[in-house]
Amino acid sequence: MFDGALCKYCVIFNEHVGGSGSQKLGKFVLTPFSNWKNAIEEFNKHDNNKYYKMTLLKFDCLMSVSNKTTDSIIIQLDKKLKSEIEQNRAKLKPIIETVMFCGRQGLPLRDHRDSGPINCDNPPVENDGNFRSLLQFKVMSGDINLAEHLKTAQGNASYISADIQNQILTSCSNLILKQIISKIDAAKCFTVLADETADISGIEQFSLCVRYFEFSSMQMREDFLTFVPVTDVTGMGLANTLLNTLDKFGIDLKYLRGQGFDGAASTSGCFNGVQSHVIKKYPLAHYIHCTSHCLNLAISDTCNIQSIRNCTGTIQKVCVFFKYPKRQSVMLDSIKRVCPESQITKLKLLCPTRWVDRHDSIITFMELFDAVIDGLSIISTWPDRESSSVAYQLLCAIKQPEFILATHLLAKVFSISLPLSKLLKMQNIDLIEAMSLADNVCDVLKNIRNNADEDFKKLFLKVKEKCMSLDIEITLPRLTNIQKNRYNFTSQLHDRFIAHKSLITNFCCLLPNNNLPNREENIKSLAEKYSEDLKCS
């Protein structure tokens, strides 16, 4: 360490022996300056030295060159090397653009066999895959650099192999991930969203997403991070995978403020679930069961009534039956003849997991009900035993009064829950708004229950008219005073959303115009709990 001051320009650009011309190097160059009493006089004297002015000129020249380019000194000195680098980049650019295009459009890059050189003059006899076909299209469109590269490149330097494609995809993924992480760190508060399932090859995958507030757009964002293969699907194993992956990405886990999972025991369990193990390490990371999933579970449990369960099963079988081309042709003719005003041309399969999304399927089935009966009646007369027998069985099933009544009931309930389901899937909705919407649905259903006699009478008359048009006899079902094992949709909604209500209660003191008891004490408690977050804001 020098005990004094040195001139950085003279030290860097002058030799330590001799000087520039007849001047010799001394203070500020070879020896540090420490006589601060005469500092101004010595500074001025040094500024007038010829070698100082020369070194300052050298420094200005260096900075003018370095500000114009980011290339290294070797590249700036070797023009041939610089030209070769530019040519290689020009050849690699269309290859990278093609990979990015396929990734952005969700297109597979490779076909069954797509190795070897690309023929730029003639199209391939067999399908070459999207990646190679797009490169050939670029060549035919006039990309001279790419054409020359594909014709002259050696077999181990063509940069179109599967390994190179994967490396380009990995580089793009790292760049996108880096941008997302920088936004998360800027937000200083985020929630992790995760789900675990098996892919088509049977490998267990843990999908990780993050929810955070983006200041540049002033909106809530939900971004996908990665898929993580897992072997330990216990709560602790999944929790370790989640935290280790976030830490590996460089995300600061001290800003973790929420967890969003489904209701599976391995994730939502309060003792050995993922959320319990995460809370042990990060107590401020509150677990929130997905509200859309809660609604789906409430509808699923409510539809567990035998008549409703049989109804949905029959509708699904009818939709699958008309899925084949020959039968679909009969169905299309029946629609044109029986329901000419309808714009729908075929039935829609019921979603096996998202119960609320079955609304469109039920409405479509009801609109084409007469055409379905007509189509099944025609197919039941076919000489084909398998098709005719199945068509007759389905025809008998859907002409039952109980089935028609259950279909109308499903359509009515789903029409009430569908708007709530769509709103719960929005990114910018908050938990308070979600709870308010759920309460509104409960109020509508309670109002229907309070006026059950009048509402059911209207629905029954509608069903009776449909049965009369089809020559189906229907009678009012027998009423019982005591009902057992009744599935109540409103109770299901209430039970599924209890945890959300308790979480909201803890933060209600922060809402304006809220006169809850002990509000000041609750605010003080929250301020102490989130003191680190308040310092960052």
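### Observations regarding the overall build of the protein
Link 1 in the chain: A count of helical and extended segments in the protein gives 24 helices and six strands.
Link 2 in the chain: Against the 2.2 N^0.38 benchmark of 24 Å for 537 residues, the protein shows a C-alpha radius of gyration of 36 Å, more extended than a compact globule.
Link 3 in the chain: Reported as C-alpha extents along the three principal axes, the dimensions of the protein are approximately 120 × 80 × 45 Å.
Link 4 in the chain: Here the protein holds 537 residues, and 36% of them are scored as buried.
Link 5 in the chain: Within the protein, counting contacts between residues at least 6 apart in sequence, those at least 24 apart form 62% of the total.
Link 6 in the chain: Of the roughly 33500 Å² of accessible surface on the protein, 55% is carried by carbon and sulfur atoms.
Link 7 in the chain: Positive and negative charge centroids in the protein, built from 63 and 58 side chains respectively, lie 1 Å apart.

### Observations concerning unusual backbone geometry
Link 1 in the chain: Even without being a glycine, lysine 188 presents a positive backbone phi close to 60°.
Link 2 in the chain: With respect to the helices, strands and loops of the structure, lysine 188 is situated in the loop between α8 (162-187) and β2 (190-198).
Link 3 in the chain: Judged by relative accessible area, which is 32%, lysine 188 ranks as partly exposed.
Link 4 in the chain: Of note in this structure, methionine 218 is not a glycine but carries a positive phi near 55°.
Link 5 in the chain: One can find methionine 218 in the loop between β3 (204-214) and β4 (219-229).

### Examining the packing of helix α6 (residues 130-140) against helix α7 (residues 144-152)
Link 1 in the chain: Look at α6 against α7: their axes get within 8 Å of each other, and the N-to-C directions meet at 120°. Considering the angle they form, α6 stands oblique to α7. Read as a crossing pair, α6 and α7 show a hand that is left-handed. Between α6 and α7, the contacting residues are Leu135, Lys138 and Val139 on the first element and Leu146, Ala147 and Leu150 on the second.
Link 2 in the chain: When its residues are assigned to classes, the contact of α6 with α7 shows five nonpolar, no polar and one charged.

### A look at the confidence of the model for the protein
Link 1 in the chain: For the protein, mean pLDDT is 84; residues scoring 70 or higher make up 92% of the total.
Link 2 in the chain: Here residues 16-20 scores under 50 on pLDDT; set against residues more than four positions off or in separate chains, the count is eight contacts.

### Digging into the nonpolar core
Link 1 in the chain: One finds Phe322, Leu347, Phe365, Val372, Leu376 and Ile398 to be the most contacted residues of the largest nonpolar core, which totals 65 residues.
Link 2 in the chain: By residue number, the principal contributor to this core is helix α18 (residues 401-424), which donates 10 residues.
Link 3 in the chain: Aside from chain neighbours lying at most four places away, what touches phenylalanine 322 is Arg327, Gln328, Met331, Leu347, Val372, Gly375, Leu376 and Ile379.
Link 4 in the chain: Formed by 30 residues, the second largest nonpolar core is a distinct cluster that contains Ile184, Leu208, Tyr255 and Tyr287.

### Topic: the sheet that holds strand β6 (residues 286-289)
Link 1 in the chain: Strand order in this open sheet of five strands is β4-β3-β2-β5-β6, and the pairing throughout is mixed. Pairing within the sheet leaves two strands with one partner each, and these edge strands are β4 and β6. Taking the axes of each pair of neighbouring strands and ignoring which way they run, one obtains an average angle of 25° across the sheet.
Link 2 in the chain: Here β2 pairs with strand β5 (residues 256-261) via four bridges, running parallel. Residue pairing across strands places phenylalanine 190 opposite leucine 256, the latter belonging to β5.

Conventions we followed
- Residues numbered from 1 in each chain as written.
- Predicted model: local features only at pLDDT ≥ 70, side-chain atom pairs only at ≥ 80, totals over all residues.
- Heavy atoms only, no water.
- Helix = DSSP H or I, 4+ residues; strand = E, 2+ residues; numbered from the N terminus.
- Rg over C-alpha atoms; globule rule 2.2 N^0.38 Å.
- Buried < 20%, exposed > 50% of the residue type's maximum accessible area, 1.4 Å probe, protein only.
- Contact = heavy atoms within 4.5 Å.
- Areas by Shrake-Rupley, 256 points an atom, 1.4 Å probe, with all protein chains shown as cover.
- Lys, Arg positive; Asp, Glu negative; His and termini not counted.
- Charge placed at Lys NZ, Arg CZ, Asp CG, Glu CD.
- Axes fitted to C-alpha atoms, helices over the stretch in contact; angles between N-to-C directions.
- Parallel < 35°, antiparallel > 145°, perpendicular 65-115°, else oblique.
- Left-handed = near helix turned anticlockwise from the far one by under 90°.
- Nonpolar A, V, L, I, M, F, W, Y, C, P; charged D, E, K, R; others polar.
- pLDDT = per-residue confidence, 0-100.
- Core = buried A, V, L, I, M, F, W, Y, C linked by side-chain atoms within 4.5 Å.
- Pairing = 2+ DSSP bridges.

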